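# Structure at a glance
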Amino acid sequence: MALPFLYNWRNLFVRKTPTILTLLVIAAVVGVFTWMLGFAGALSSSLSVAGDEHKLIVIKRGATAESNSAITVDEFNKLSQLDAVARDPATGESLQSPEMLVQIALPRVRDNGKTTANVAIRGVTPTAFKVHRNVRPLDKVFDVGALEVIVGEAAAKQFGLELGQTLNLGYGSDRGYTVVGLFSADGGPMESEIWGYLPALMNSYNRTMYSSVNLRLREDADAKSAVDQIKGPAIQLEASTEREYWETQSSLINIYLAIAYVLVGIMSLAAIFSIANTMFSMVAGRTREIAMLRTIGYSGTQVLTSFLIESILLSLLGGIVGCLGCAAWLALAGNTKDMFGAKTFTTLAFTIRLTPMIIAGSLLLVTVVGALGALWPALRAARVQVIAALREP
Amino acid sequence: MQLRLLYLYRNLTRNWLRTLLTCAAVALPIVIYVLSAAVIEGLESYLDNSAKQLRLAVTHKSSIINPLPAGHRAKIESLDPTRTRLTAVCGLRWIGGRVENVSTPLSTIAADADTFFATYPDHQLAPDEIEAWQRDRQAIIVGRATAGQMGWNKGQRISILPTLPPYHPIEFHVISVAEDAEDPVTNWFRRDYLEELLDETGAPTGLVSFLFVKCATKADLDHYRVAIDQFFAGSIDETKTQDEKAFINEYITQQFNLPRNLAILCAVTVFVAVMAAANTMSMSFRDRTNEFATLKSMGFGRWFTFVLIQSESLLLCAAGGLAGALVPFGLFTWTPLKDYPVPLIQTLYIQPVVCVRAVGMSLLIGVAAAIWPSWQVLRLKVVEALRSLE
């Protein structure tokens with residue numbers, strides 16, 4: 001029969017000060033870890049929305065992203081050679097959307113506009129809404145020809161853009177465009193953008209060429225052969241599926257994640273040492289008690305397990321406090337963040353949410369930390385010399 | 001005095017395990033503190049060096065990304081034809097670039113050949129290198145960290161695939177690996193060469209990403225910062241002029257607000273260290289309540305015991321702080337890690353002042369950790385303490 005759980009639980013509260021202090025150490029480490037997991041998780045889930053295998057992004061050969069590509073009207077017309085492109089069943093038009101990408105520097109709301117970020121502005125035609133299936137306007141769409149734009153929900157939240165607000169767009173920042181609606185894109189990268197009517201924006205930015213063309217392929221079409229045809233001698237442009245396009249953008253996340261894991265690793269080590277310290281002191285103070293337990297009949301292994309459980313309990317408590325603290329921080333300091341796409345040069349705004357997976361991950365870390373920290377002290381407890389311990393004052 | 005020091009020493013070494021664990025629990029957060037502070041400090045000193053150079057950055061008002069017409073240079077130069085206050089204007093065009101089949105992005109900039117050295121004297125090239133730049137239109141100065149990474153040497157021919165037009169690989173001759181430049185990463189080549197290539201491919205020419213203006217004095221800097229924007233106000237290509245430090249800061253914070261996030265990380269690590277040290281101090285106080293009571297009854301007085309606890313805590317945390325500061329300092333100064341490219345700030349250099357500050361911080365941690373037990377010992381009632389046989 002194992003040592004009763006209540007015994008371990010009650011022991012934690014006998015000496016409150018070490019318990020609370022160790023708990024706070026663990027909570028701090030878990031808080032940081034949860035935040036970092038949330039950040040990475042939000043970013044990758046945003047990017048995973050952009051994973052449509054039947055949407056091709058076509059840019060100029062040699063360009064690395066839509067923002068540094070220029071496609072002429074001629075080249076756009078050549079794309080109609082592709083028979084893999086889907087057609088709108090109602091109108092029969094081929095679903096290829098010419099688009100223009102420019103940027104505007106907008107201040108971030110959460111630090112009162114002290115820092116700015118580069119937000120993408122995309123000039124589109126009504127075809128774009130049929131090509132980008134996950135983009136859904138929530139209010140009205142911009143009128144053809146009018147100086148109006150619609151804004152993605154994430155961008156609106158991160159940069160404080162509201163309905164009726166005027167943005168100064170255009171090459172000379174002199175054309176006032178009104179925000180007439182918001183749109184949702186399932187939390188994907190497009191939700192961080194501002195969309196407007198293509199010819200109007202091209203005019204405002206003195207452009208004669210498109211930045212890119214987005215195509216929707218037929219359901220039965222093979223993306224690879226379509227890409228090969230686009231790269232081939234007839235068309236000579238660069239193409240990739242949406243998934244491939246964003247895969248390379250997310251490579252920067254891996255660097256940040258690696259740094260985050262190193263940091264959390266170092267802090268977890270500090271937490272392990274802290275726990276070990278506390279547990280050693282606990283064992284030292286309870287040698288008589290342990291000896292008593294041994295005489296009653298509990299084995300050394302059961303004593304060891306008991307201390308491990310105590311430590312894991314303490315760590316879990318700390319972990320829960322840490323997660324709550326992180327949630328409180330996100331609620332207070334704002335959970336919308338943005339990240340620079342190193343290739344696109346525009347930001348990706350996303351919302352950090354603590355999912356059950358993240359919390360489970362943090363609690364798992366905390367369990368491991370608690371177990372590792374208590375291992376040596378628990379071994380020492382298991383090896384207590386019964387008679388000598390009973391004798392000591 | 002010697003006796004007191006001996007007593008202090010004996011107390012700390014009484015329980016080696018506890019002392020070591022506490023030192024480690026303080027040292028580790030200090031490691032993170034040192035690394036974060038080094039990054040913030042590195043950014044600050046990079047920005048301050050730019051400030052010393054008295055350069056203004058002129059960008060397009062609408063966005064840092066939109067290019068300006070190259071003709072703006074002549075117009076800016078016309079603001080001071082004597083060249084006494086406005087000493088040089090250099091147009092720069094960023095092309096990023098990478099080597100074919102290598103994914104690492106490069107930072108490559110085309111600069112006006114004639115005014116490059118006047119605007120950027122901090123590159124400190126040798127006279128023969130300067131001469132090579134003037135003579136050879138395919139000249140390129142590579143950053144020493146980039147050269148190390150790519151295996152480039154002076155005199156080599158290299159080929160870079162630009163991120164902007166022209167979309168084909170460009171051939172260069174490496175005329176210098178800027179050993180003494182502040183910036184170890186960026187590569188510089190001649191803008192007239194770029195214009196030639198753009199012209200050949202039919203891409204738009206006559207554009208610059210930004211213009212850098214070197215001023216003679218600080219007063220001139222402040223004057224022209226306003227004057228240039230006023231000059232171009234109302235035109236199609238309005239400008240936004242800032243000093244170089246503000247410009248780079250804006251560029252960095254656009255990507256990720258690194259200084260703020262690192263400051264938060266520093267605060268969290270200090271908190272962890274304080275909690276860990278306080279844990280130990282409160283545990284050792286509890287274990288030695290009898291001892292402190294005995295000392296008080298012998299006549300050593302409450303302030304002696306107060307100082308005793310504070311000194312123990314200070315010593316412990318100072319030892320931890322020293323270890324935590326020296327380890328990253330050693331790693332990043334004497335091992336190959338020192339040239340490792342870090343995103344955003346390029347390479348990490350740990351300034352000695354940061355280490356000193358970290359040790360200072362660890363002393364503060366020591367004081368904070370000992371507050372509660374030392375306060376308790378001041379109020380300790382001797383008789384009651386001796387009575388409890390814990």
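This structure is a prediction, so every number in the text was calculated from the model and none was measured. Within each chain, residues carry numbers counting from 1 in the order of the written sequence. Chains and ligands are labelled sequentially in the order written, the chains with letters from A and the ligands with numbers from 1. The predicted nature of this model means local features are confined to residues of pLDDT at least 70 and side-chain atom pairs, given and counted, to a pLDDT of 80 or more, with totals for whole chains, interfaces and linings taken over all residues.

### Brief notes about the overall build of chain B
Put simply, the test is: Runs of H or I in DSSP of at least four residues are treated as helices and runs of E of at least two as strands, each being numbered from the N terminus. For the radius of gyration, the atoms used are the C-alpha atoms, and the globule rule reads 2.2 Å times the number of residues raised to 0.38. We call two residues in contact when their backbone-placed C-beta atoms lie within 7 Å.
Within chain B, the regular secondary structure consists of 14 helices and 13 strands. Against the globule reference of 21 Å for 390 residues, chain B gives a C-alpha radius of gyration of 29 Å, more extended than a compact globule. A principal-axis box enclosing the C-alpha atoms of chain B has dimensions of 95 × 45 × 35 Å. Sequence separation of at least 24 residues holds for 80% of the intrachain contacts in chain B that already meet a minimum separation of 6.

### Considerations on the overall build of chain A
Heads up, the condition is: Exposure in this text rests on C-beta crowding, where 20 or more other C-beta atoms within 10 Å of a residue's own make it buried, 12 or fewer make it exposed, and counts in between make it partly exposed. The C-beta atoms are placed from the backbone.
Per the secondary structure count, chain A includes 13 helices and twelve strands. Considering only C-alpha atoms, chain A reaches an extent of 95 × 45 × 35 Å along its principal axes. Expressed as a percentage of the 393 residues in chain A, the buried residues total 48%. Considering only intrachain contacts with a sequence separation of at least 6, the fraction spanning at least 24 residues in chain A is 82%.

### Observations concerning the domain arrangement of chain A
All names here are of chain A. We count it as follows: By convention here, the domain bounds are inherited from an automatic or database domain assignment. Just so you know the grouping, Ala, Val, Leu, Ile, Met, Phe, Trp, Tyr, Cys and Pro go in nonpolar, Asp, Glu, Lys and Arg go in charged, and all remaining residues, Gly too, go in polar.
Once the domains are mapped, chain A shows domain 1 (5-48 + 251-391) and domain 2 (55-220). Inter-centroid distance (C-alpha atoms) of domain 1 to domain 2 is 45 Å. Contacts between the two partners involve 15 residues from domain 1 and, on the opposite side, 18 residues from domain 2. Going through the elements one at a time, helix H2 (16-49), strand S11 (336-340) and strand S12 (347-351) are the ones with two or more residues in the side of domain 1 that touches domain 2. Broken down by element, the side of domain 1 that touches domain 2 gets its largest block of residues, five residues, from S12. A breakdown of the residues in the side of domain 1 that touches domain 2 according to their chemical character gives five nonpolar, eight polar and two charged.

### Concerning the interface of chain A and chain B
With 43 residues of chain A in contact, the opposing surface of chain B contributes 39 residues. Secondary structure elements with two or more residues in the side of chain A that touches chain B: H2, strand S2 (96-107), strand S3 (116-124), helix H9 (251-285) and S11 of chain A. Per-element accounting of the side of chain A that touches chain B gives the leading share, 13 residues, to H9(A). Split into classes, the residues belonging to the side of chain A that touches chain B amount to 25 nonpolar, 15 polar and three charged.

### Observations regarding the confidence of the model for chain A
Selection criterion: Scored from 0 to 100, pLDDT reflects the predictor's confidence in each residue.
Averaged over every residue, the pLDDT of chain A is 85; the share at 70 or more is 96%. Here S11(A) is the element of chain A with the lowest mean pLDDT, 71, and strand S8 (residues 194-197) of chain A is the one with the highest, 92.

### Points about the nonpolar core
Rules: One nonpolar core equals one set of buried Ala, Val, Leu, Ile, Met, Phe, Trp, Tyr and Cys residues connected by C-beta atoms within 7 Å.
By size, the foremost hydrophobic cluster in this structure holds 97 residues, and its most contacted members are A:Val25, A:Val29, A:Met267, B:Val26, B:Val34, B:Val272 and B:Ala277. It is helix H2 (residues 16-52) of chain B that contributes the most residues to this core, 16 residues altogether. Beyond its immediate sequence surroundings of up to four residues, B:Val26 is in contact with B:Ala273, B:Ala276, B:Ala277, B:Cys317, B:Gly320, B:Gly321, B:Gly324, B:Ser362 and B:Ile365. Of all hydrophobic cores here, the second largest spans 68 residues; its members include A:Ala50, A:Ala65, A:Ala70 and A:Ala156.

### Remarks on the environment of A:Gly38
Residues and elements named next belong to chain A. Relative to the assigned elements, Gly38 resides in helix H2. The exposure class of Gly38 is buried, given the 23 C-beta atoms found within 10 Å. In this view, Gly38 contacts Ile352, Arg353, Leu354 and Ile358; residues no more than four positions away in its chain are not counted.

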